[in-house]
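Structural overview for review
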Amino acid sequence: MSETGSGRAFVLIANPHAGRGQADEVVQTASGLLRSAGCEVASALTTSIEHADELAAEASDAGRVAVAVGGDGLVRAVASGASRSGGTIGIVPAGRGNDFARTVGITKDVDVAVRTLLTATPRPTDCIAVNDQVALGNVYIGFDSLTNVAANRLRFNLGQFSYTYAALRVALTMPPLAFEIEVDGKPRAFTGSGVAVASSVYYGGAVPLAPHADPHDGLLDVVTFEFTGRRTRVAALLSMRSGQHLDRSDVTHTAAREVRIALEPPLEAYSDGDPIATSPLHVRVLPGAIKLLRPTGTDR
């Protein structure tokens with residue numbers, strides 16, 4: 001694959017339900033701009049996360065840039081497929097949260113996103129192995145995964161506030177969870193509400209879960225939440241909106257390369273908004289597993 005735009009070949013992989021059904025329009029706009037720049041462009045609408053993974057793997061095997069046109073779940077699937085051959089991916093955000101794109105400085109402006117596809121130098125970027133699956137931005141279990149379930153079950157669309165509404169409901173009703181975790185070989189048992197392992201800053205629609213995370217540093221940020229009373233849990237939730245939760249005594253944060261998580265009863269873990277595995281979990285960083293076309297001159 002060429003390091004510069006005009007010699008690149010792209011496959012735009014779109015979630016037809018992203019952006020309230022506007023993904024096809026975004027694909028057409030992006031395709032036109034790329035062709036005008038002299039690039040070879042193909043596009044495909046996905047039928048499932050698994051299908052997106054397969055399309056990205058095929059594009060990477062052929063030396064093409066696999067471009068995710070959608071939200072965080074689609075970006076994760078595209079990264080997963082590309083990771084099998086160390087391929088290059090791009091992002092044209094078109095989802096509800098777009099949290100990984102936000103972390104790496106890619107906006108929803110299609111013209112700007114396409115300019116990044118054309119001009120950026122592919123940058124080695126970490127992925128996350130979760131049991132036998134590949135994730136990208138984050139993996140979480142407990143409070144956060146229960147919140148995702150609640151948000152997905154909402155019968156009304158509140159946009160990025162859907163997650164906040166669901167989180168408040170879960171914070172008021174969830175039971176304590178018995179965690180046993182091992183962080184780079186160091187065991188710890190505690191009664192908590194959740195554990196999150198992140199390679200990117202944001203989740204849940206611009207919530208800075210891991211303010212220090214960097215998807216290029218070969219490390220994972222591990223954030224644990226001890227179980228507290230309802231009022232304290234709501235206060236912790238509100239503090240997350242500004243990234244101040246890491247200053248709380250009931251929250252711990254560390255960097256690691258490998259994490260094992262078990263709890264009773266077992267729960268389903270989520271990644272980038274979608275279910276990915278059921279505990280126990282073995283989570284580890286995959287340094288530089290993909291290459292990413294992203295803007296230069298940003299911190300992460």
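One can find the structure itself at the top, above this paragraph.
Let me begin by describing the structure that accompanies this report. Note that the structure is a prediction, hence the values are computed from the model and not measured.

Below, the discussion takes up the overall build of the protein. Check the secondary structure of the protein and you find nine helices and 15 strands. Relative to the globule expectation of 19 Å for 300 residues, the C-alpha radius of gyration of the protein, 19 Å, shows essentially globular dimensions. Projected onto its principal axes, the C-alpha coordinates of the protein cover approximately 60 × 40 × 35 Å. By sequence separation, contacts in the protein at least 24 residues apart represent 73% of the contacts at least 6 residues apart. For the protein, the computed accessible surface area is about 12,700 Å², with 49% contributed by carbon and sulfur atoms. For the protein, the separation between the mean place of its 27 positive charges and that of its 31 negative charges on side chains is 6 Å.

Note: strand β7 (residues 138–142) against strand β9 (residues 186–198), five bridges, orientation antiparallel. What sits directly across from Asn138, in β9, is Ala198. The sheet contact formed by strand β8 (residues 177–183) and β9 spans seven bridges and is antiparallel. Residue pairing in the sheet places Ala178 in a bridge with Thr191 of β9. Between β8 and β9, which follow one another and run antiparallel, lie two residues, and Asp184 among them has a positive phi close to 50°. Note: β9 against strand β10 (residues 220–226), six bridges, orientation antiparallel.

Counted by the stated rule, this structure contains six salt bridges. The partner of Arg84 in a salt bridge is Asp53, and the shortest N-O contact between them spans 2.7 Å. Of this pair, Arg84 sits in the loop between α4 (72–83) and β4 (88–93) while Asp53 sits in helix α3 (residues 49–61), and the two are 31 residues apart along the sequence. Residue Glu226 pairs with Arg188 through a salt bridge whose shortest N-O separation is 3.3 Å. Linking Glu226 in strand β10 with Arg188 in strand β9, this pair joins segments that are 38 residues apart in sequence. Among the residues examined, Glu226 registers a relative accessible area of 32% and is labelled partly exposed.

Here α3 is 13 residues long and its end C-alpha atoms lie 19 Å apart, about the 18 Å a rise of 1.5 Å per residue gives. Within α3, burial applies to Ala52, Asp53, Leu55, Ala56, Ala57, Ala59 and Ser60. The inward-facing, buried residues of α3 contact β1 (9–14), β2 (40–45), β3 (65–70) and α4. At the exit of α3 stands Gly63, carrying a positive phi of roughly 80°.

A cluster of acidic side chains, namely Glu50, Glu54, Glu58 and Asp61, defines a negative patch on the protein surface. Looking at where Glu50 falls in the secondary structure, it is placed in helix α3. For Glu50, a relative accessible area of 54% gives the class exposed.

Turning next to the environment of Asp132. Tracing the backbone through its elements, the reader meets Asp132 in the loop between β5 (123–130) and β6 (133–135). Note: C-alpha distance between Asp132 and His282 (150 residues apart in sequence) is 8.8 Å.

Its location among the elements puts Asn138 in strand β7. A polar contact is formed between the side chain of Asn138 and the backbone nitrogen of Asp272, at a distance of 3.2 Å. When sequence neighbours within four positions are dropped, the list of residues in contact with Asn138 reads Ile128, Val197, Ala198, Ser200, Tyr202, Tyr203, Tyr270, Ser271 and Asp272.

Examined bridge by bridge, β4 and strand β15 (residues 281–292) share two bridges and lie parallel to one another. Of the residues in β15, the one forming a bridge with Ile89 is Leu292. Taken together, the four bridges between strand β12 (residues 258–264) and β15 define a ladder with antiparallel strand orientation. Looking at β15, one finds that Val259 is bridged to Val283.

By the definition in use, this model includes two aromatic pairs. Taking 5.3 Å as the distance between ring centres and 15° as the angle between the ring planes, the aromatic pair formed by Phe179 and Phe190 counts as stacked. Placement of the pair is Phe179 in strand β8 and Phe190 in strand β9, with a sequence separation of 11 residues. Judged on exposure class, the residue Phe179 and its partner Phe190 are both buried. Against the face of Tyr202 rests Arg102, its NZ or CZ located 5.8 Å from the ring centre.

About the thresholds
Residues numbered from 1 in each chain as written. Predicted model: local features only at pLDDT ≥ 70, side-chain atom pairs only at ≥ 80, totals over all residues. Heavy atoms only, no water. Helix = DSSP H or I, 4+ residues; strand = E, 2+ residues; numbered from the N terminus. Rg over C-alpha atoms; globule rule 2.2 N^0.38 Å. Contact = heavy atoms within 4.5 Å. Areas by Shrake-Rupley, 256 points an atom, 1.4 Å probe, with all protein chains shown as cover. Lys, Arg positive; Asp, Glu negative; His and termini not counted. Charge placed at Lys NZ, Arg CZ, Asp CG, Glu CD. Pairing = 2+ DSSP bridges. Salt bridge = Lys/Arg side-chain N within 4 Å of Asp/Glu carboxyl O. Buried < 20%, exposed > 50% of the residue type's maximum accessible area, 1.4 Å probe, protein only. Expected span 1.5 Å × (residues − 1). Patch = residues over 30% accessible without salt bridge, like charges linked within 9 Å, V, L, I, M, F, W, Y side chains within 5 Å. Polar contact = N/O pair within 3.5 Å; in protein donor to acceptor, adjacent residues only side chain to side chain. Phe/Tyr/Trp six-rings, centres within 6.5 Å; stacked < 30°, edge-to-face > 60°. Lys NZ or Arg CZ within 6 Å of the ring centre and 35° of its normal.

Function cannot be read off these values alone, since they describe shape.
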